[in-house]
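# Geometric and topological summary
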Amino acid sequence: QNLLAEKVEQLMEWSSRRSVIRMNGDKFRRFVKAPPRNYSVLVMFTALQPQRQCSVCRQANEEYQVLANSWRYSSAFSNKLFFTIVDYDEGADVFQQLNMNSAPTFMHFPPKGKPKRADTFDLQRIGFAAEQLAKWIADRTDVHIRVFRPPNYSGTIALALLVSLVGGLLYLRRNNLEFIYNKTGWAMAALCVVFAMTSGQMWNHIRGPPYAHKNPQNGQVSYIHGSSQAQFVAESHIILLLNAAITMGMVLLNEAATSKGDVGKRR
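The structure presented is a predicted model; accordingly, all values stated were derived computationally and were not measured.

Reading the values: the criteria
Residues numbered from 1 in each chain as written. Predicted model: local features only at pLDDT ≥ 70, side-chain atom pairs only at ≥ 80, totals over all residues. Heavy atoms only, no water. Buried < 20%, exposed > 50% of the residue type's maximum accessible area, 1.4 Å probe, protein only. Helix = DSSP H or I, 4+ residues; strand = E, 2+ residues; numbered from the N terminus. Pairing = 2+ DSSP bridges. Right-handed = clockwise from strand over helix to strand, strands pointing away. Axes fitted to C-alpha atoms, helices over the stretch in contact; angles between N-to-C directions. Parallel < 35°, antiparallel > 145°, perpendicular 65-115°, else oblique. Left-handed = near helix turned anticlockwise from the far one by under 90°. Contact = heavy atoms within 4.5 Å. Nonpolar A, V, L, I, M, F, W, Y, C, P; charged D, E, K, R; others polar. 1 Å grid on protein atoms, 1.4 Å probe; cavity = no way out; pocket = protein on both sides within 12 Å on 5 of 7 lines; lining within 4 Å. Points joined across faces, edges and corners; volume = space filled by probe spheres on them. Phe/Tyr/Trp six-rings, centres within 6.5 Å; stacked < 30°, edge-to-face > 60°. Lys NZ or Arg CZ within 6 Å of the ring centre and 35° of its normal. Domains from an automatic or database assignment. Buried area = accessible area lost by both parts, 1.4 Å probe. Salt bridge = Lys/Arg side-chain N within 4 Å of Asp/Glu carboxyl O. Polar contact = N/O pair within 3.5 Å; in protein donor to acceptor, adjacent residues only side chain to side chain.

## Concerning the pairing of strand S2 (residues 40–46)
Counting buried residues in S2 gives seven out of seven residues, a clear majority hidden from the surface. Here S2 shows no split at all, with Ser40, Leu42, Met44 and Thr46 on one side and Val41, Val43 and Phe45 on the other all buried. Examined bridge by bridge, S2 and strand S3 (residues 81–87) share seven bridges and lie parallel to one another. Looking across to S3, one finds that Thr46 is bridged to Asp87. As a crossover connection, the stretch from S2 through helix H3 (residues 55–72) into S3 is right-handed.

Printed below as a string of structure tokens:
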């Protein structure tokens, strides 16, 4: 009991300083693996050092920090759940012990027993958005975390600039607003929205997938996801360009069929 109390007290002290507790091999074995333990531990295994060139790790770490801060500063915060991180350059022995050869990886270590298969987060299928991680944590621990994101004014500023630009354009053209009724312009705008939606941009916005995946073993970059249940951002851009090319081809065919120009050029 004294040992357990000491471990919980130490973890609470670290949590008061930083929402995500950094761990090396010794700390991991003492506070996560070794009994006694009456608390759950979320561990993010990652490789954040610049020489590792893991852009996905940095993106996932940002979402992990958002989730950990939401838990740390919520009214439901308790000593039943702790957020930790093990970087490969600080705990390579932990990666070897768990036979782990990829990053980032999220694992839940329950208060009793060994982690089950469901205690490893399916990042490839679900993505690493803080909201998705919170749902997974609720399933594994019954701890419900409401995600609070720091205010981001970039969208508001961009919208204000767009409105100002459109307003200025309308003011300069106030004596000749016939361009508003230009069917081609509205058709192009509608096509841009259609291309974005059919290529999966909304899925990207909800799930927050990485732009591409770099294999940490051989350095090979994949732009197409291997599963039919997920995609990379680059994949949606490829689909968008293909859809745009097909649509442009249909427009050219229609123009050639309905125009009265040279037969050879039309063909």
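## Overview of the packing of helix H1 (residues 2–17) against helix H2 (residues 25–33)
Close contact between H1 and H2 brings their axes to 10 Å; oriented N to C, the two are set at 120 degrees. With respect to H2, the axis of H1 lies oblique. Judged by the twist between their axes, the crossing of H1 over H2 is left-handed. Every residue of H2 that contacts H1 at Lys7, Gln10, Leu11 and Trp14 is listed here: Lys27, Arg30 and Phe31. Classifying every residue of the contact of H1 with H2 by side-chain character gives three nonpolar, one polar and three charged.

## Topic: empty space enclosed by the protein
If a probe as big as a water molecule is rolled over the atoms, it shows which places are left empty. The final tally for this structure, using the stated rule, is one cavity of 30 Å³ or more. Estimates place the volume of the largest cavity at around 30 Å³. At the level of elements, H3 and S3 are the ones that each hand at least two residues to the lining of the largest cavity. Among the residues forming the lining of the largest cavity, the class breakdown is six nonpolar, two polar and one charged.

## Considerations on the packing of aromatic side chains
In the structure shown here, the tally under the stated rule is eleven aromatic pairs. When the ring of Phe45 is compared with that of Phe95, the centres are 5.7 Å apart and the planes differ by 85 degrees; the resulting orientation is edge-to-face. On the criterion of sequence distance, the pair formed by Phe45 in strand S2 and Phe95 in helix H4 (residues 92–97) is long-range, its members being 50 residues apart. Across the pair, exposure class does not vary: Phe45 and Phe95 are buried alike. Taken together through their ring pairs, the aromatic side chains of Phe28, Phe45, Tyr88, Phe95 and Phe109 make up a single cluster. When the ring centre of Tyr73 is taken as origin, the NZ or CZ atom of Arg72, which lies over that ring, is 5.4 Å away. Sitting above the plane of the Phe77 ring, Arg72 keeps its charged end 4.9 Å from the centroid.

## Digging into the layout of surface pockets
Put simply, the second largest pocket is a space of about 230 Å³. In this structure, the second largest pocket is lined by Gln59, Glu62, Glu63, Phe128, Ala129, Glu131, Arg149, His205, Ile206, Arg207, Gly208 and Pro209. Within the lining of the second largest pocket, the residues separate by chemical class into four nonpolar, three polar and five charged.

## Focus: the domain arrangement of the protein
Each assigned domain of the protein is listed with its residue range as follows: domain 1 (3–141) and domain 2 (173–258). On a C-alpha basis, the centres of domain 1 and domain 2 stand 36 Å from each other. Together domain 1 and domain 2 conceal approximately 970 Å² of surface at their shared face, both sides included; 48% is due to carbon and sulfur atoms. At the boundary of domain 1 and domain 2, one finds zero salt bridges. Taken together, the links from domain 1 to domain 2 amount to one residue pair in polar contact (both at pLDDT 80 or more). Only H3 and helix H5 (123–126) provide two or more residues apiece to the side of domain 1 that touches domain 2. Element by element, the count of residues in the side of domain 1 that touches domain 2 is highest for H5, at three residues. Within the side of domain 1 that touches domain 2, the residues separate by chemical class into four nonpolar, seven polar and one charged.

## A short note on unusual backbone geometry
Backbone torsion omega between Pro35 and Pro36 reads 0 degrees, so that peptide bond is classified as cis. Structurally, the position occupied by Pro36 is in the loop between H2 and S2. Going from Ala103 to Pro104, the amide bond is cis rather than trans, its omega being 5 degrees. Its place among the elements puts Pro104 in the loop between H4 and strand S4 (105–109). The phi dihedral of Asn99 is positive, around 55 degrees, even though this residue is not glycine. Relative to the helices and strands, Asn99 resides in the loop between H4 and S4. Here Asp142, not a glycine, exhibits a phi torsion of approximately 65 degrees, which is positive. Relative to the helices and strands, Asp142 is located in the loop between helix H6 (130–141) and helix H7 (154–172).

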